[in-house]
Amino acid sequence: MRTNKLTNAVRVTLMTSPLLLCAIPGTAAAEVEAVQKVERIEVTGSRIKRIGEMAPTPVTVISGDNLVSAGVVNVADLLHKMPNTLVGLSPETTNNNVFASGLNNTDLRGLGSSRTLVLVNGRRFVSGAPGSSAVDLNNIPTAMVERIEITTGGASAVYGSDAVAGVVNIITKKTFDGISIDVSTTRPTQSGGEEEYASLTFGSDVGKATFISNLSFSKQGQISYMDRDYLRDAPIAVQNPDFVADDPNSPQRVIWGYGEQVLAAYSKTGTFVSGGTRYSFADDGTVRPMQLGEALPPLVGGRVDYLGGEGYSFAENSFMRTPLERINFVTNMNYEINDNHSMSMELNLSRSQAYGESSPAFMQYRVRADNALLSPQAQQLVQAATTVNAQGETVNPVMGYLASDFGNRQYSQDRTLARISLGFEGYLTDNWAYDVYAATGRVQADTEWYGEMFEQRFYDAIDAVVDTNGDIVCRDDIARANGCLPLNIYGRGIYDQDAYDWVSTDAIRRASITQSVASATLSGDLYELPAGFIAAAFSAEYRKEAADSLPDPAMRAGLLFNNQSQPLKGSFDVAEVSAELSVPLLADVAFAKTLTFETAVRFMDYSTSGNDSAWKLGLNWEVNDELRVRLNTAKSVRAPNIGELYNPRSQTFRSMTDPCAVSQRDGLNPQYKETILANCAAAGVPADFEPSTEWKGATRPGFVVGNPDLTNEVAKDITIGFVYTPAFLDGFGLTVDYWKFELTDVINSFNGPDVIKYCYQSSSLDNQFCPLLQRDADTFEITNYFEKPFNSASRNVEGVDLEASYRFGTEVGDFNLRLISTYTGKYDTNPTGFADDLIDELGEMKRPEWKHRFTTEYSYNDFSAVLSMSHRSATVTSNDWSPKANNYNDIPSYTVFDLTARYNLTDALQVRGGVLNMFDRNPPRKPTAYSYGEAFDVIGQRVTLGVNYQF
């Protein structure tokens, strides 16, 4: 009787996810064995260990075997393909994020990676970057993954903050007997992006003390825009030269063509304009007209780019994928004290190194005609371009310089993680179980910049004169006294190394985050009702997190090019208690085999944001053996993280336009145009104001800062769904769940362009955005801005999840079909809270209405193969669009196929191979989509080969 009941318990629980039921049949037996030992199992989304009950919230399960079948060596790579997730951060999206390069975060429901709680074996895991709350999946080796359970919504009452969108619970392997060696490689058909992987797993499953350890190494190569034809020959969007203002169907911007776009405002030897001609320098330093290539129609603001020629090539100076190396060591140890009590220890050690690269330093400065580094002809041209303004001041021409002689700007991220968790679990009585653990983790994240420049030293070194002795020296007396030597950049390779050494430097920022957690859970049966026992779980948890960073002294002083940053130091702690009840209402009556009421409540006290609470209410209705229905509603909270609260001033750069400029007036939103112009006038900006060409042609510096006055975010969600496993179709399962999230007081950081936008769109200048802007008192150009978070936003999101699976056998082999789909029916955001600022993001490129993942698995004896399809529906660049905006708003649907296969040559030796993106599907050839790694495969077709040997 007991064995049958437990087997049925596992069967019913697995039925809550058809994907799990059909994807990992080999796991079921192991789970049964585990259940027979402890008599209850715990499913993500609840702390109650259950027998014979359906999971209280929807759970999608990915087995560790699925990771191997998909040909991936990083947990994040498969999670990014799941329809209910978006990419939080990845190597394809972080090359230009100096402190985040190489990170791998997941983002449930597209609500943000900071609202997705990642657990390991149901326990908190230290975040991946100082100031953030998101876990870096690089620290979880795939060889140790038993399965991944994903539950969305209603999890904050059970697990606490950060679980607004749901929980990704990574269950690792607990035991292993023997040694396993795994090696694989992945090779794209175009150069760049190669991957290597090696793993050693060993352990013992004999006696009371068992363990499993894994040491793994993985490496992925860099991809630059020049490595891919679809990135190198980018779609070029320009102002429509045939634009007709009175025609509502005449687009202001159009796709002009495809190629390598070049910005002529900079060159590798310096460039300036004199007499209407743009000049540059030959390698030997002689001046000549710049080789401009084919002129493109002017961009907004009058800037002219070129196809080919000299200058700043966007493709040549852009990188798509950050190179990443990882070393992971994990040990899980278990000791069975006796039949009712056991001890466990988890040890995680990892190191990841990511390498970011961007263009050489780009400088714009005014050059004097008597600069001794210029040739006589160049001096004459500069003198001809020198003017005198209305105030009688000499205005020298602007020189644009791309410091290619000194290499690309490079920065490395070196992250080391150490985490240890010690736990005890067991049974106090036949019905009451306990689980106690303490964990501490630390991430050290050091960033190093190579080939940096002292910006003022650079300007001093390139401005030289002839002294009384006839020697060329730096013009500034103080700079000379400090060791300045003339640096000749007006050519290629003609500078003096000692002069460059005085200008150049390396810099480093050291940063860390620490987490300490202590948690205790007591679960069991409270009282027996006619329909069964009331099951309960009571938990208490204490957590403390702290983060700090210490930039290089030169960075703190703002002496380096583009890298001004101040130290971070912040911490918080939180004490939490929670209670969860499962109350059986009906059992074995007509139309209700079981009906169970589920509830949970959690109280939390944050040292930063104060007291708060989360709760959950639900019903689980097992109509019969074939149909089960569940309903849930919940309130979740998210406390602000350390970065949002305490981020110090750190420099950032944005491309932006100024709504007060004359050239921008025709493009202003008609709804706000009158208000914008009134606010510009109130700010003292002249009616005929137009920023300089230099201002419009360069990215503008600003600062990212934190906000210690932030409060908790609040979310309310609803889930209604059913599980159907018909008896007439053995092996088939269907799960459908409707979900809805309403978020308020959402923490929203406004970038520089948004700060400008909302400052001047507001009813007056008396708003929270205008104080974040600074204008020059003489030129009226925006000289500084601050990107600061506020509890100003709201989000309303709803949709439907669908999982279907069908497993059947034939004489020629076994088949397993699985479909996971997500339909998003609503995604409304409001960044400010003002009714007029409601934004419909549904159907835009990041948020398609439909996403699918369909897999077909075939197995016959020792051979198996998996064909998978990932699909996203057609989208648009922007819902706020009219035919007058551009001619490239529509983004087509996108489908990628992967084919992988495995064959067991012997009981010990397995080989595998496959083709990922087998039809070499490139991103859509649209200006906003062609390089969008969050939505499309930017790596291209690639072949993967691997071998596994066990003994």
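As the structure is a computational prediction, the values presented were derived from the model and not from experiment.

Draft legend 1. Broad picture of a nonpolar patch on the surface. On the surface, Ile 181, Val 183, Leu 200, Leu 215, Phe 217, Ile 327, Val 947, Tyr 949 and Phe 951 cluster together to form a nonpolar patch covering roughly 730 Å² of accessible area. Within the residue set of the nonpolar patch, elements represented by two or more residues are β8 (178-188), β10 (209-220) and β53 (942-950). For Phe 951, the position within the fold is in the segment after β53.

Draft legend 2. View of the nonpolar core. With 57 residues, the main nonpolar core has Leu 79, Ile 148, Val 168 and Ile 170 as its most contacted residues. If near-sequence neighbours (up to four positions away) are discounted, Val 168 is found in contact with Leu 79, Thr 106, Leu 108, Thr 116, Leu 117, Val 118, Leu 119, Ile 148, Glu 149 and Ile 150. By size, the runner-up hydrophobic cluster in this structure holds 41 residues, among which are Tyr 266, Tyr 312, Tyr 365 and Leu 402.

Draft legend 3. Examining the sheet that holds strand β20 (residues 312-313) more closely. The antiparallel open sheet is built from 4 strands, whose spatial order is β18-β19-β14-β20. Edge positions in the open sheet fall to β18 (294-295) and β20, since each of these has one partner strand only.

Draft legend 4. View of the state of the cysteines. Summed over all chains, the structure comprises 3 disulfides. Covalently, Cys 660 is tied to Cys 680 through a disulfide, its sulfur atoms 1.9 Å apart. Between Cys 660 and Cys 680, the disulfide has an S-S torsion of -85° and is therefore left-handed. Residue Cys 660 is located in the loop between β38 (650-654) and α14 (673-682), and its partner Cys 680 is located in helix α14; the two are separated by 20 residues in the primary sequence. Taking relative accessible area as the criterion, Cys 660 reaches 1% and is therefore assigned buried. Accessibility expressed as a relative area gives 5% for Cys 680, which makes it buried. Each sulfur of the disulfide joining Cys 759 and Cys 770 lies 1.9 Å from the other. Linking Cys 759 and Cys 770, the disulfide has an S-S dihedral of approximately 95° and is accordingly described as right-handed. Remark: Cys 770 occurs in the loop between α16 (752-761) and β42 (773-775) and Cys 759 occurs in helix α16; sequence separation between them is 11 residues.

Draft legend 5. Geometry of the sheet that holds strand β4 (residues 116-120). The strand order across the open sheet built from 5 strands is β1-β6-β7-β4-β5, with neighbouring strands paired in mixed fashion. Two strands close off the open sheet at either side, each with one partner strand: β1 (59-63) and β5 (123-124). Bridge analysis of β4 against β5 gives 2 bridges, and the strand direction is antiparallel. Note on β5: the bridge partner recorded for Leu 119 is Arg 124.

Draft legend 6. Up close: the environment of Glu 149. Its location among the elements puts Glu 149 in strand β6 (residues 145-152). Among the residues examined, Glu 149 registers a relative accessible area of 5% and is labelled buried. Between the alpha carbons of Glu 149 and Val 168 there is a distance of 5.9 Å; along the sequence they are 19 residues apart. When residues no more than four places from it in sequence are discounted, the contact partners of Glu 149 are Val 43, Thr 44, Val 59, Thr 60, Val 61, Val 167, Val 168, Asn 169 and Ile 171. Side chain to side chain, Glu 149 and Thr 44 meet in a polar contact 2.4 Å long. Polar contacts involving the side chain of Glu 149 include one to the side chain of Arg 147, which spans 2.7 Å.

Draft legend 7. Summary view of the packing of aromatic side chains. Applying the stated criterion across every chain yields a total of 31 aromatic pairs. We note Arg 109 situated over the ring of Trp 739; from NZ or CZ to the ring centre the distance is 3.9 Å. Its end group placed over the ring of Tyr 827, Arg 847 keeps NZ or CZ at 4.0 Å from the ring centre.

Draft legend 8. Quick peek at α14. Among the residues making up α14, those that are buried are Ile 676, Asn 679 and Cys 680. The arc that holds the buried residues of α14, viewed along the axis, is 105°, so those residues lie on one side. When the buried face of α14 is taken as reference, the exposed residues oriented beyond 90 degrees from it are Glu 674, Ala 681 and Ala 682. With its phi angle positive at about 85°, Gly 684 sits one or two positions after the end of α14.

Draft legend 9. Focus on helix α8 (residues 376-385). Taken as a whole, α8 has its buried residues at Ala 378, Leu 381, Val 382 and Ala 385. Along the axis of α8, the buried residues cluster in a sector spanning 100°; they form a single face. Facing away from the buried side of α8 by over 90 degrees, the exposed positions are Pro 376, Gln 380 and Ala 384. Residues of α8 that are buried sit in contact with β15 (271-274), β16 (277-281), β17 (287-289), β25 (387-388) and β26 (394-395).

Draft legend 10. Just the packing of α14 against α16, in detail. Here α14 crosses α16 at 95°, and the two axes come no closer than 7 Å. Classed by the angle they form, the pair α14 and α16 counts as roughly perpendicular. Residues Thr 675, Ile 676, Asn 679 and Cys 680 of α14 form the contact with α16, whose participating residues are Cys 759, Tyr 760 and Gln 761. Looking at the contact of α14 with α16, its residues break down into 4 nonpolar, 3 polar and no charged.

Draft legend 11. Structural view of the pattern of salt bridges. Considering all chains together, one arrives at 39 salt bridges under this definition. Where Glu 857 meets Arg 818, a salt bridge forms, and the shortest distance between an N and an O atom there is 3.3 Å. Here Arg 818 lies in strand β45 (residues 813-830) and Glu 857 lies in strand β47 (residues 850-860), a separation of 39 residues in the sequence. A single burial state applies to Glu 857 and to Arg 818, both of which are buried. When salt bridges with common partners are traced through the structure, they connect Arg 115, Arg 638, Glu 644 and Glu 713 into a single cluster.

Rules used in this analysis
Residues numbered from 1 in each chain as written. Predicted model: local features only at pLDDT ≥ 70, side-chain atom pairs only at ≥ 80, totals over all residues. Heavy atoms only, no water. Patch = residues over 30% accessible without salt bridge, like charges linked within 9 Å, V, L, I, M, F, W, Y side chains within 5 Å. Areas by Shrake-Rupley, 256 points an atom, 1.4 Å probe, with all protein chains shown as cover. Salt bridge = Lys/Arg side-chain N within 4 Å of Asp/Glu carboxyl O. Helix = DSSP H or I, 4+ residues; strand = E, 2+ residues; numbered from the N terminus. Core = buried A, V, L, I, M, F, W, Y, C linked by side-chain atoms within 4.5 Å. Buried < 20%, exposed > 50% of the residue type's maximum accessible area, 1.4 Å probe, protein only. Contact = heavy atoms within 4.5 Å. Pairing = 2+ DSSP bridges. Disulfide = S-S within 2.5 Å. Polar contact = N/O pair within 3.5 Å; in protein donor to acceptor, adjacent residues only side chain to side chain. Phe/Tyr/Trp six-rings, centres within 6.5 Å; stacked < 30°, edge-to-face > 60°. Lys NZ or Arg CZ within 6 Å of the ring centre and 35° of its normal. Arc of directions from axis to C-beta. Axes fitted to C-alpha atoms, helices over the stretch in contact; angles between N-to-C directions. Parallel < 35°, antiparallel > 145°, perpendicular 65-115°, else oblique. Nonpolar A, V, L, I, M, F, W, Y, C, P; charged D, E, K, R; others polar.

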